[in-house]
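# Fold and contact review
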Amino acid sequence: MNLNRRTAAFIAAILVLMTVWKLSRGPSLPAGISRRDYEIARQRLGRTKQTPPDHGEILFELGERLAERKRTEDARACYLGIEEDHFEYGNRARLLAGILSLELNQARVAETLFRKFLEARPAGGPVSLSDQATALDWLIYLDSVELRFEDRRRLLKQLHQLGLQRVSDSKMYYFPSLLIWNSTRASHRLEEFLSATPDDRVLLTAQGRYLMASGQIQEAIDLLTRLHAAFSNEPEIQAALVESLYEQDDWKEISKVFAAASPTNSDSWLLSLMRGEFSIHERRYSDAVTHFERVIGDDPANITAWMGLLKVRQQNGSGEADDSLPLKIRVLAEIRPALSRVQEDDADACEWLAEQCRRIDLTEAATTFQAHSARIRQSRELNSNPQERAAGGQLE
Amino acid sequence: MNITRSPFCLLMLPALSILNGCDQSRNPVESDTATFTADVVVRSEKKQSFAGILPRFEWKGTECGLTFSRFDDISRKRRITETNGGGVALIDADADGFVDVFFPDGCRVPPGPQEPATRSRLLRTLRSMAFADRTDSAIPLPQGFYTGCAVGDCDGDGFDDLYVTALGDNRFLRNNGDGTFSNQSTAFDDSVSEWSTSCAFADLNGDGRLDLYVANYLAVDRNDPKVCENIANPDGYEGCSPAEFDGVADVLFLNTGDGRFTNESSAVGIDRYQQKGLGVAISDFDSDGRPEIVVANDGEANNDFVPSAVSAPLRYSDQALERGTALSEKGFAQASMGIATGDYDNNGTTDIFLTHFLNDTNTLYSNRGAGLFEDSTRSSGLGAPSRQTLGFGTVFLDANHDGHLDLFVANGHVDDRRWMSPPQPYAMPAQMFVGIGDRAFADVSKEIADQPEGEYFRRNWLGRGVASGDLDRDGRLDLAISHQLENAAVLHNITPVRENAIVLKAVGIQSNRTGIGVRLRQSQSKARLELCGGQSFQSASCLEFHVVVNSDGSDLVIEWPSGQTDNHEGVGPGQWIAVEGRRLFRRPDFSSGSDLSSGR
């Protein structure tokens, strides 16, 4: 009996000690975060809030401080330590963690977090339109660096549907193939992403394309061939490999890739373009037309596809006498270098672009740029005549 | 951490590079990416031997009297007027058989009150690749920011005249016949005060006289050019894109035959095209007897001005898109700078090569006959090696006498972007591609640089104008190159070749005296050479044929713009003069005789 009593007392004591220890230790903290930092954040927040801050609030506060101090990884750990259902910061913490992941060059992690943010949980706190736009912006940025233009198009569509599009968004949306993608900066950024995740095949595929664009064709082909061997069914890798082989004018190797990969609905624009060029090379002109028209169906401003159709017409000797074809090419060729002049605050440039779009039946694009132009003019008017506007308001 | 929607200047975002995030154990979100082990990319070393066809060039500079260094008034404001530099002209100023060198120079922008009348230089070529400055006594150019030049005997007096373009009034220097020139700019009814770049003489209306085409570039205030601020650059500025400026219509002058030139741009329909011309070449690409004018435009579709039928009044229409030279095969209007023309594939038609911007390819348009072109950049092997260069002046030449045209390209960026992250190259090495047959080229720049005398190719330059000619009359084509921020250079061709080439000057009688538009072929060969007007960038090459022949003689066919065809049998290697409708004349033996240098 004595023994039992002693045992029970011992167990009770242990339990008490554990409880005290646990209470003194507080909630579990993300890796890299000291209890001292946490406590300072709690106290700081306590001074500004009416009610004691909860764990999520403290982590959010701490994350902000650490991000300011460039302790990026720790800051991200704080944001990710916040529960997804936190009433205020559950969603927003994913967005911030995504941005910090980009700073840490972890492209895929960032992408996952941005997407998670966009699928916001109702219990996870408010999601403003502005935050949505930010998340979309970063995803668009990622897709641009990684040369995922079809994915980017879907995001841009979302931006337009939300009415959040800026002029630059509309340019990317309506002229995805006219903007220069192989910039030195984009390539440099990709290398930074690769430094963090060197096995990421999306990044490696893009790296192959950048290598090709910088004239290192053999290096590109070597890399893409190995990727293709490992992931032979990936249309993006097929496309990138064929593009490099095309640059080297290696039709024999191209035919081998295509022999093992029939056209599918998931073919990228680039792959369809390459199929079109290959069909021309093989003098299968109607197939070429099919491939080029498929690209144009998705991207009506794709001048390379229009050029493909022109090539078919010239080489085939006959073809449909589409008189609008040279005009389309001419106008798109004019638009491409002029896009850099179409800036956020330039109503005239937007108007000009809308007019060019109308000339070649890009009706939706014309409407959008016309609307941009009107918006810019209106905003300029508001800014330039605030007193008049105020007076006008009183009359109403 | 504040979230603001950044002004989405895509990919202009600063690199956020804190590289401490590789510890996977701390990754809070697992990547679902399939793994792929990327080996280090192994550079494929496909060693190719160029023994026997590797051209060799020796760099000639100040030690030979080549003392010209162009002044572009380069400031920290990176004004666009500072970017193009000037060209170079090879002109036999005193008709002594040796080709002299002319460099147009710039001046302050706006011009300062103390500007000298000219800094442009005429350097007379002496024996053994030495040069003597004859500017003061020979070149009466007033103050100006000169850019390009064209050479032609406009009045048919046997002496080459010089047209000099400028940012401002262009000038015409008529050769006095004694190695000096007179400023006779008033012979032109329009001084063309725009920003002119390249220009070209050619007989455009078939009357046997040389007419002139002047490419104009951008509409800028020449005293106060627009600048573009960029706070990211320590200088506070970046070079404005040409897209920031409007283009300017080119100008076409017809030679009236009485010593005057009239601006006929409107009458012939050229003035409708307000584009950004940098290079121009004139050739009868479609072999219909009337030359076309190809203009390389910066960031806009190129022009291929095709004249109306011979019987009709001269009028041009731009058919570049239909003929295939407007855009790259991808449909992109490239930033075209220089033009080289030549029959690189020896099929009897004149092909076109254009130089372009960094991160883009130069472009080779193969003439498939009837003036229809196809983009052969990829198949020729010229695409990839040009993606990391920014090309300007360029010429085709058979540097190694193997019967295939080779290609030289002068490179150099227009804007110093070494401050960027990552930095872009500013000065760049020049490139030499040798024709290896089967419509292909090989980049041998590194191999040339590896030669003991290859220092020019080992160094980086802001290359601009290029002109080719046999400066020392040894049967091999040399190169003259203008730079920015460095002295000009001559590359002396010392390739060990058999003496199997002819250098032939064509002298027209019914046709223009300079021989522009004359075609030459060997009777056993399909290949055809043409003396084209213009070419390169703001430069004028020596208008002579250089062709490899059989050592025991070849039969030559010379077709003159007048329609005259001359056949010459058994023409052996050496220096020749062909006079229209007459026999060939062998030039004096330049390798012996009196020392010309002392008497000049």
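Residues numbered from 1 in each chain as written. Chains lettered and ligands numbered in written order. Predicted model: local features only at pLDDT ≥ 70, side-chain atom pairs only at ≥ 80, totals over all residues.

### Re the overall build of chain A
- Helix and strand counts for chain A stand at 21 helices and zero strands.
- By the compact-globule yardstick of 21 Å for 396 residues, chain A is too spread out, its C-alpha radius of gyration being 28 Å.
- C-alpha extents for chain A along the principal axes are approximately 105 × 70 × 35 Å.
- The proportion of buried residues among the 396 residues of chain A is 48%.
- Contacts in chain A between residues at least 24 apart in sequence constitute 54% of all its contacts with a sequence separation of at least 6. (Helix = DSSP H or I, 4+ residues; strand = E, 2+ residues; numbered from the N terminus. Rg over C-alpha atoms; globule rule 2.2 N^0.38 Å. Buried ≥ 20, exposed ≤ 12 C-beta atoms within 10 Å, placed from the backbone. Contact = placed C-beta atoms within 7 Å.)

### Some thoughts on the overall build of chain B
- Each helix and strand in chain B was counted, giving seven helices and 41 strands.
- A globule of 600 residues ought to have a C-alpha radius of gyration of about 25 Å, and chain B, at 24 Å, matches this closely.
- Principal axes of the C-alpha set define a box for chain B whose edges measure 90 × 55 × 50 Å.
- Across chain B, every contact between residues at least 6 apart in sequence was considered, and the portion connecting residues at least 24 apart equals 61%.

### Re the confidence of the model for chain B
Residues and elements named next belong to chain B.
- A residue-level look at chain B finds 90% of positions with pLDDT of 70 or above and a mean pLDDT of 89.
- Note on residues 7–46: pLDDT under 50 across the span, and 69 contacts to partners over four residues away in sequence or across chains.
- In this model residues 593–600 is a low-confidence stretch, pLDDT under 50, and it forms 12 contacts with partners more than four residues away in sequence or in other chains. (pLDDT = per-residue confidence, 0-100.)

### Structural notes on the sheet that holds strand 39 (residues 565–571) of chain B
All names here are of chain B.
- Strand order in the open sheet made by the four strands is 35-34-38-39, with antiparallel pairing throughout. Taken across any chain shown, the strands that pair with only one partner, and hence form the sheet edges, are strand 35 (528–530) and strand 39. Averaged over all neighbouring strand pairs, the angle between strand axes comes to 20°, with direction disregarded.
- Bridge analysis of strand 34 (residues 519–522) against strand 35 gives three bridges, and the strand direction is antiparallel. The residue bridging Arg-519 from the neighbouring strand is Glu-530, located in strand 35. (Pairing = 2+ DSSP bridges. Axes fitted to C-alpha atoms, helices over the stretch in contact; angles between N-to-C directions.)

### Side note on the packing of helix 2 (residues 35–48) of chain A against helix 3 (residues 55–68) of chain A
All names here are of chain A.
- Running from N to C, helix 2 and helix 3 cross one another at 105°; their axes reach a closest spacing of 9 Å. Looking at the two axes, helix 2 sits roughly perpendicular to helix 3. Within the contact between the two elements, helix 2 uses Asp-37, Tyr-38, Ala-41, Arg-42, Arg-44 and Leu-45 and helix 3 uses Glu-57, Ile-58, Glu-61, Leu-62 and Arg-65.
- Residue composition of the contact of helix 2 with helix 3, by class: five nonpolar, no polar and six charged. (Parallel < 35°, antiparallel > 145°, perpendicular 65-115°, else oblique. Nonpolar A, V, L, I, M, F, W, Y, C, P; charged D, E, K, R; others polar.)

### Considering the pairing of strand 37 (residues 545–548) of chain B
Residue and element names in this part refer to chain B.
- Because side chains alternate across strand 37, one face comprises the buried residues Phe-545 and Val-547, and the other comprises His-546 and Val-548, equally buried.
- Bridge count between strand 33 (residues 501–507) and strand 37: four bridges; the pairing is antiparallel. Bridging from a neighbouring strand, Leu-504 pairs with Phe-545 of strand 37.

### Regarding the sheet that holds strand 6 (residues 146–152) of chain B
All names here are of chain B.
- Judged by pairing direction, the sheet is antiparallel, and its four strands sit side by side in the order 6-7-8-9 without closing on themselves. Of all the strands in the sheet, the pair left with one neighbour each is strand 6 and strand 9 (181–183). Strand-to-strand twist in this sheet, taken as the mean axis angle between neighbours without regard to direction, amounts to 25°.
- In this structure, strand 8 (residues 171–175) lies alongside strand 9, joined through three bridges in antiparallel fashion. Across the sheet, Asn-175 pairs through a bridge with Phe-181, a residue of strand 9.

### Some remarks on helix 11 (residues 201–213) of chain A
Residues and elements named next belong to chain A.
- Over its 13 residues, helix 11 extends 18 Å from the first C-alpha to the last, a length consistent with the 18 Å expected when each residue adds 1.5 Å.
- Counting buried positions along helix 11 yields 12 of 13 residues, so the element is predominantly enclosed.
- Residues Val-202, Leu-203, Leu-204, Thr-205, Ala-206, Gln-207, Gly-208, Arg-209, Tyr-210, Leu-211, Met-212 and Ala-213 constitute the buried set of helix 11.
- At its buried positions, helix 11 is contacted by helix 6 (107–118), helix 10 (184–196), helix 12 (217–230) and helix 13 (235–247).
- Downstream of helix 11 by one or two residues, Gly-215 has phi in the positive range, about 90°. (Expected span 1.5 Å × (residues − 1).)

### Re the nonpolar core
- Among the nonpolar cores identified, the biggest contains 149 residues, and Ala-89, Leu-162 and Val-280 of chain B are the most heavily contacted of them.
- In terms of residues, this core owes the most to one element, strand 33 of chain B, which gives five residues.
- Non-local contacts of Leu-162 of chain B, meaning those with residues more than four positions away in its chain, are made with Ala-89, Ile-91, Phe-102, Cys-149, Val-151, Leu-173 and Phe-181 of chain B.
- Counting residues in hydrophobic clusters, the runner-up holds 121 residues, among them Ala-213, Trp-269 and Leu-332 of chain A together with Ala-301 of chain B. (Core = buried A, V, L, I, M, F, W, Y, C linked by C-beta atoms within 7 Å.)

### Some points on helix 15 (residues 269–281) of chain A
All names here are of chain A.
- For helix 15, which comprises 13 residues, the first-to-last C-alpha distance of 18 Å matches the rise-based estimate of 18 Å (1.5 Å per residue) to within 8%.
- For helix 15, the tally of buried residues reaches 12 of 13 residues, placing the bulk of the element in the interior.
- Looking at helix 15, one finds that the buried residues are Trp-269, Leu-270, Leu-271, Ser-272, Leu-273, Met-274, Arg-275, Gly-276, Glu-277, Phe-278, Ser-279 and Ile-280.
- Packed against the buried residues of helix 15 are helix 8 (149–161), helix 13, helix 14 (251–259), helix 16 (285–298) and helix 17 (303–316).
- Backbone geometry just after helix 15 places Arg-283 at a positive phi near 60°.

### So, the packing of helix 4 (residues 72–81) of chain A against helix 5 (residues 90–103) of chain A
All names here are of chain A.
- Contact geometry of helix 4 with helix 5 gives a least axis separation of 9 Å together with a crossing angle of 155°. As far as their axial angle goes, helix 5 and helix 4 are roughly antiparallel. Crossing angle aside, the handedness with which helix 4 passes helix 5 is left-handed. Here helix 4 contributes Thr-72, Ala-75, Arg-76, Tyr-79 and Leu-80 to the contact with helix 5, which in turn contributes Ala-93, Leu-96, Ala-97, Leu-100, Ser-101 and Glu-103.
- For the contact of helix 4 with helix 5, the class distribution of residues is seven nonpolar, two polar and two charged. (Left-handed = near helix turned anticlockwise from the far one by under 90°.)

### Remarks on the confidence of the model for chain A
- In this model, chain A carries a mean pLDDT of 90, and residues with pLDDT of at least 70 account for 93%.
- By mean pLDDT, helix 21 (residues 386–395) of chain A is the weakest element of chain A at 54, and helix 19 (residues 347–359) of chain A is the strongest at 98.

### Topic: unusual backbone geometry
- Of note, the bond from Val-109 of chain B into Pro-110 of chain B is cis; its omega dihedral lies within 30 degrees of zero at -5°.
- Secondary-structure assignment places Pro-110 of chain B in the loop between strand 3 (100–103) and strand 4 (121–126).
- The omega torsion across Ser-421 of chain B and Pro-422 of chain B is 0°, close enough to zero to call that bond cis.
- The phi dihedral of Leu-147 of chain A falls on the positive side, at around 60°, and the residue is not glycine.

### A short note on the pairing of strand 24 (residues 363–367) of chain B
All names here are of chain B.
- Within strand 24, five of the five residues are buried, which leaves the element mostly enclosed by the surrounding structure.
- Of the two faces of strand 24, the one lined by Thr-363, Tyr-365 and Asn-367 and the one lined by Leu-364 and Ser-366 are each fully buried.
- Pairing between strand 23 (residues 351–354) and strand 24: three bridges, direction antiparallel. When the sheet's bridge partners are listed, Phe-353 is paired in strand 24 with Leu-364.
- In terms of strand pairing, strand 24 meets strand 25 (residues 373–375) through three bridges, oriented antiparallel.

### A word on the environment of Gln-388 of chain B
- Inspection of the secondary structure puts Gln-388 of chain B in the loop between helix 4 (377–380) and strand 26 (391–397).
- When the C-alpha atoms of Gln-388 of chain B and Gln-424 of chain B are compared, they prove to be 9.4 Å apart, with 36 residues separating the residues in sequence.
- Contacts of Gln-388 of chain B, omitting those with residues within four sequence positions, involve Ser-214 and Gly-215 of chain A together with Leu-358 of chain B.

### Description of the environment of Pro-142 of chain B
- Within the fold, Pro-142 of chain B resides in the loop between helix 1 (135–138) and strand 6.
- Expressed as a C-alpha distance, the spacing of Pro-142 of chain B and Phe-457 of chain B, which sit 315 residues apart in the sequence, is 35 Å.

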